[in-house]
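One-letter residues, chain by chain:
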Amino acid sequence: VVRVGGLWGIINRDGDMVVEPQYEKIVLPSNMDNANSVIVVKNNKWGLIDAKGNILCDIKYDKMCQDYRFSEYFYTQLDGKTGLISDAGEVILPIMYDEIDMDFELTKLRIGDKWGYTLNFTDISEIKYDEIKADAGLVSVRVGDKWGLHHTSRHASYLKYSCDIENDGKINELFECKYDDINTRFRYVALKLNNKWSYINVSLEDGSVHVLCDHKYDYMFCTFSGFAIVMLDNKWGHINSEGKEIC
């Protein structure tokens, strides 16, 4: 990046000018060798160009920034709203959200004080939740003080479990928001309703539900191994991945 007379341009490694100095600001990505796009500012508006200076998206936005974890996407702001633009200049999420929170599990979207989410930027849940928590292919959602459960297909979430599932990003509501509490570990779910806990196993492949024990315990916390810590009548113990008491 070079500056001439207060404006910025780009030269290559041979010293040749590839982008004439015309921008008030140029923001280079952390890894320029693999970069497809560069943020530029002109007339106090932000946009994207490629390494040859071709405009990838109109230079009309109020702010753009890159998440180092997801370098192919740019948070983009216009008139107080946020969207997502790819490094090819394509609008991935429309500029209509008050907040976008990308993570490896899913992308959360806020409008006002309500949240929704997406896994593939195409299938988007309703923007009506007060809290969203993801664990592998399961998503716990809260409306008010009640919890529900969704199943999704999300390959990236399963890598740490060596479970090869195609990432289609579809959202399937398993349980509406009626439960008092919920905790999940991988495919195992503990659900509290009317002060009693149930234990279920959800197939990550198709979302089918197998009830292991139904509204029995006073407290329950499930673990990665499939075992759950349970309490009944002030006595503590464990149940296994089949819902059977083992101690």
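Criteria and thresholds
Residues numbered from 1 in each chain as written. Predicted model: local features only at pLDDT ≥ 70, side-chain atom pairs only at ≥ 80, totals over all residues. Heavy atoms only, no water. Helix = DSSP H or I, 4+ residues; strand = E, 2+ residues; numbered from the N terminus. Rg over C-alpha atoms; globule rule 2.2 N^0.38 Å. Buried < 20%, exposed > 50% of the residue type's maximum accessible area, 1.4 Å probe, protein only. Contact = heavy atoms within 4.5 Å. Areas by Shrake-Rupley, 256 points an atom, 1.4 Å probe, with all protein chains shown as cover. Lys, Arg positive; Asp, Glu negative; His and termini not counted. Charge placed at Lys NZ, Arg CZ, Asp CG, Glu CD. Pairing = 2+ DSSP bridges. Axes fitted to C-alpha atoms, helices over the stretch in contact; angles between N-to-C directions. Core = buried A, V, L, I, M, F, W, Y, C linked by side-chain atoms within 4.5 Å. Patch = residues over 30% accessible without salt bridge, like charges linked within 9 Å, V, L, I, M, F, W, Y side chains within 5 Å. Salt bridge = Lys/Arg side-chain N within 4 Å of Asp/Glu carboxyl O.

Draft legend 1. Geometry of the overall build of the chain. Of regular secondary structure, the chain possesses 1 helix and 25 strands. Whereas a compact globule of 247 residues would reach a radius of gyration of roughly 18 Å, the chain reaches 24 Å, over 25% beyond that. In terms of overall dimensions, the chain has a C-alpha envelope of 80 × 35 × 30 Å along the principal axes. Looking at the 247 residues of the chain, the share that counts as buried comes to 43%. Looking at the chain alone, contacts between residues at least 24 apart form 29% of all its contacts between residues at least 6 apart. If you sum the accessible surface of the chain, you get close to 12,900 Å²; carbon and sulfur atoms cover 46% of it. A distance of 4 Å separates the average location of the 28 positive side-chain charges in the chain from that of its 39 negative side-chain charges.

Draft legend 2. Geometry of unusual backbone geometry. Its identity is not glycine, yet D233 carries a phi of approximately 55 degrees, on the positive side. Mapped onto the secondary structure, D233 falls in the loop between β24 (228-232) and β25 (235-239). A positive phi angle is found at N234, which is not glycine, with a value near 65 degrees. If you trace the backbone, N234 turns up in the loop between β24 and β25. The class of N234 is exposed, set by a relative accessible area of 65%.

Draft legend 3. Here's a closer look at the environment of C213. With respect to the helices and strands, the residue C213 is situated in strand β22 (residues 209-217). According to the relative accessible area criterion, C213 is buried, its value standing at 8%. Taking C-alpha positions, C213 is 8.5 Å from E242, a pair spaced 29 residues apart along the chain. With near-sequence residues (within four places) excluded, C213 lies in contact with S198, Y199, M220 and I239.

Draft legend 4. Looking closely at the sheet that holds strand β15 (residues 131-135). Pairing within the open sheet is antiparallel, and its 4 strands lie in the order β15-β16-β17-β18. Edge positions in the open sheet fall to β15 and β18 (171-179), since each of these has one partner strand only. Each neighbouring strand pair of the sheet contributes to a mean axis angle of 20 degrees, computed without reference to strand direction. Across 5 bridges, strand β17 (residues 146-152) lies against β18 in antiparallel orientation. Of the residues in β18, the one forming a bridge with H150 is E173.

Draft legend 5. Spatial organisation of the nonpolar core. One finds L138, L149, F175, V189, L191, I200 and V202 to be the most contacted residues of the largest nonpolar core, which totals 15 residues. Every element with two or more residues in this core is listed here: β17, β18, β20 (188-193) and β21 (196-202). Excluding residues within four positions of it along the chain, L138 makes contact with K133, L149, H150, H151, L174, F186, R187, V189, V202 and L204. Within the second largest apolar cluster, 12 residues are counted, among which are Y199, L212, Y217 and I239.

Draft legend 6. View of a nonpolar patch on the surface. Taken together, the side chains of V4, I11 and M17 make up a nonpolar region of the molecular surface, amounting to roughly 230 Å² of accessible area. A residue is classified by how much of its surface remains accessible, and M17, at 35% relative accessible area, is partly exposed.

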